[in-house]
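One-letter residues, chain by chain:
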Amino acid sequence: MNEKISQLIDQELDPGQRNKVFDRICNDDSAKNAWQCYHLIGSVIRAEVSSTGSDLSRLIEQKLDSEPTVLAPLRINKPDASQSKAVWKSAGLLAIAASLALAAVVTLAPVERDDTGNKLITGSETRGQAVRFSREFDEMLVEHAQFTASAGLNGLIAYAKLISDQQLEQ
Amino acid sequence: MTASAPHLSTKLSSAHGFFSFLLIGLLSTSAAADEAADWLMKISAAAAKVNFSGTFVYVHDGQIEAMEVARRINQDGSMQERLYALNGAPREVIRGMDKVWCYIPDQNVVVHSYRQTSNNGFPGILPGDFAQLRRNYHFVEGVDGRIADREAHQIKVIADDSYRYGYSLWADKQTGLLLRSDLINKDNEIVEQYTFINIEIGGIITDQQLAAKSDQEALQLFGPGTDLPVSADSSDWQVTRIPDGYSLIKHIKRMSPTDGDEVEHRVYADGLSTVSVFIKKAKPGQSHKNGLSRMGAVHAFGKAVNNHRITVMGEVPADTVEFLAMGVRLRN
């Protein structure tokens with residue numbers, strides 16, 4: 001999904017895909033965070049952070065405000081003090097935003113781990129790989145299986161999933 | 001003028017021949033569909049009538065897992081079954097009249113215990129259900145073959161859109177029991193398959209064959225969960241959109257047997273495919289899965305909304321779980 005959001009920002013999606021991604025952003029907190037994060041990075045690069053208005057940008061600004069202003073040596077075409085601060089502030093923003101972006105990417109990366117540390121496969125990376133879910137997921141599978149069984153066909157299969165050993169290919 | 005009459009007659013005759021051919025074709029297609037539908041009912045009925053024991057393989061994600069099964073239909077029509085994994089951890093599922101025990105000894109503590117929704121778990125597919133099924137699937141007669149040393153007949157259930165999988169089913173000719181099932185995606189690929197490699201149909205299934213091998217004393221027992229009253233109006237949540245052909249068949253609220261927390265569970269079905277929506281309050285500091293996950297044919301989609309965890313899962317394509325998940329919202 002992060003890749004799709006990135007493609008959306010870069011205007012690389014067709015209208016159908018675009019609507020789907022907008023749908024996710026509107027309805028999914030993690031997609032919304034990723035959207036805000038990508039825009040923040042773009043804004044930081046363009047030194048427009050204060051105009052983004054996101055919680056993350058406020059956090060960055062607060063951090064920067066607590067930083068001492070760096071006084072650079074005089075140059076021939078010396079920028080005034082406010083410009084100097086703005087340049088360093090942008091550089092600082094970029095560094096902090098980069099570290100936060102890294103954290104955000106790690107948090108939002110498609111390969112996740114469950115409570116027991118097992119790898120979960122998501123999105124397009126799922127094909128051909130096995131997973132073992134958390135106990136909570138197992139519990140939901142059991143609850144779900146009751147109703148799958150009532151379809152009358154694959155009750156046996158629904159329960160086979162519960163005892164399937166999905167960790168063999170981890 | 002007279003010269004054109006034979007020509008017209010020939011044309012009419014050709015047209016008549018063509019429409020006759022078309023009509024016969026349609027009738028035979030319809031007859032084949034009816035026959036496939038009959039087979040589907042036979043499969044469904046056999047599941048609730050026939051004792052059997054045997055070994056089947058469950059093939060998914062490039063893995064082959066062997067499992068042992070014994071099922072007994074008691075005189076009162078109730079069903080008892082034991083399912084046992086022959087590879088990896090010795091997990092087993094025991095299904096009784098109104099309970100399911102799932103033994104997962106490799107997780108050391110987990111024994112799940114739940115009640116089922118019906119007395120025998122196999123209410124079956126009734127003729128009336130086909131009207132609904134035909135809105136989302138069409139049926140095709142397959143070929144004859146041999147599965148687990150038994151004569152079998154194939155029925156193809158083809159999904160009409162990408163919100164559900166299709167099936168290729170092989171039924172035992174003599175009893176109708178399902179011997180092999182392939183789940184087919186929209187690209188005509190087999191997503192998962194289960195097929196018997198040996199089976200004994202009929203005969204006596206002993207209590208010993210149905211007894212759990214796991215050491216219950218060594219495992220921690222969870223459940224069953226406690227049901228709470230719920231209705232669509234009383235829920236704080238709404239599912240604003242449902243994929244075509246699916247409808248709400250169950251709405252439950254229960255206390256989770258593993259952590260005691262309240263879980264709202266909605267079940268949507270199209271007659272063959274089933275999708276569950278779980279809504280549970282998020283716990284601070286607890287890790288959760290966001291986005292899409294998959295296990296064999298099961299897709300799941302997780303997201304966070306207003307400090308709650310939404311999980312949608314089912315043996316359906318990724319689009320179906322995502323579509324439903326995106327429509328789950330807090331009621332205004």
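Nothing here was measured: the structure is a model prediction, and the numbers come from that model.

A few words on the overall build of chain B. Looking only at helices and strands, chain B has 4 helices and 21 strands in total. Out of the 332 residues in chain B, the part that is buried amounts to 39%. The contacts of chain B with a sequence gap of at least 6 include a subset with a gap of at least 24, amounting to 52%.

What follows is about the nonpolar core. In this structure, Met 67, Val 93, Ala 171, Val 312 and Val 321 of chain B are the most contacted members of the largest nonpolar core, which totals 81 residues. Look past the residues within four positions of Ala 171 of chain B in its chain and what remains in contact with it is Trp 39, Lys 42, Ile 43, Ala 152, His 153, Ile 155, Gly 176, Leu 177, Leu 178 and Leu 179 of chain B.

The next subject is the pairing of strand E9 (residues 166-172) of chain B. Note on strand geometry: in a regular strand, side chains alternate between the two faces of the sheet. All names here are of chain B. The element E9 is largely enclosed, with a buried count of 6 among its 7 residues. Looking at chain direction, strand E8 (residues 150-159) and E9 are connected through 6 bridges and run antiparallel. What sits directly across from His 153, in E9, is Ala 171. Counting the residues that bridge the hairpin from E8 to E9 gives 6 residues. One ladder, built from 6 bridges, connects E9 with strand E10 (residues 178-184); its direction is antiparallel. Of the residues in E10, the one forming a bridge with Ser 168 is Asp 182. Connecting the antiparallel pair E9 and E10 is a turn made up of 5 residues, with Gly 176 showing a positive phi of about 90°.

Okay, helix H4 (residues 318-326) of chain B next. When you tally the buried positions in H4 of chain B, you get 7 out of 9 residues, the bulk of the element. For H4 of chain B, the full list of buried residues reads Thr 320, Val 321, Glu 322, Phe 323, Leu 324, Ala 325 and Met 326 of chain B.

Residue and element names in this part refer to chain A. Taken over all residues, the pLDDT of chain A has a mean of 51, while the share at 70 or more is 21%. Averaged pLDDT values for the elements of chain A fall to 35 in strand E2 (residues 119-120) and rise to 75 in helix H6 (residues 135-149). Scored below 50 in pLDDT, residues 63-132 shows 84 contacts in the model against residues more than four places distant or in partner chains.

Chain-level statistics for chain B give a pLDDT mean of 81 and a share of 80% at 70 or above. Between residues 1-6 of chain B, whose pLDDT stays under 50, and residues either more than four places distant or in other chains, the model counts 0 contacts.

This brings us to unusual backbone geometry. Residue and element names in this part refer to chain B. Phi angles above zero are rare outside glycine, and Ala 148 is one such case at about 50°. Mapped onto the elements, Ala 148 comes out in the loop between strand E7 (137-147) and E8. Its identity as a non-glycine residue notwithstanding, Asn 188 has a phi of 65°, on the positive side. Note that Asn 188 resides in the loop between E10 and strand E11 (190-201). In this structure Asn 188 comes out as exposed when scored by C-beta crowding, with 8 C-beta atoms within 10 Å.

Parameters and conventions
Residues numbered from 1 in each chain as written. Chains lettered and ligands numbered in written order. Predicted model: local features only at pLDDT ≥ 70, side-chain atom pairs only at ≥ 80, totals over all residues. Helix = DSSP H or I, 4+ residues; strand = E, 2+ residues; numbered from the N terminus. Buried ≥ 20, exposed ≤ 12 C-beta atoms within 10 Å, placed from the backbone. Contact = placed C-beta atoms within 7 Å. Core = buried A, V, L, I, M, F, W, Y, C linked by C-beta atoms within 7 Å. Pairing = 2+ DSSP bridges. pLDDT = per-residue confidence, 0-100.

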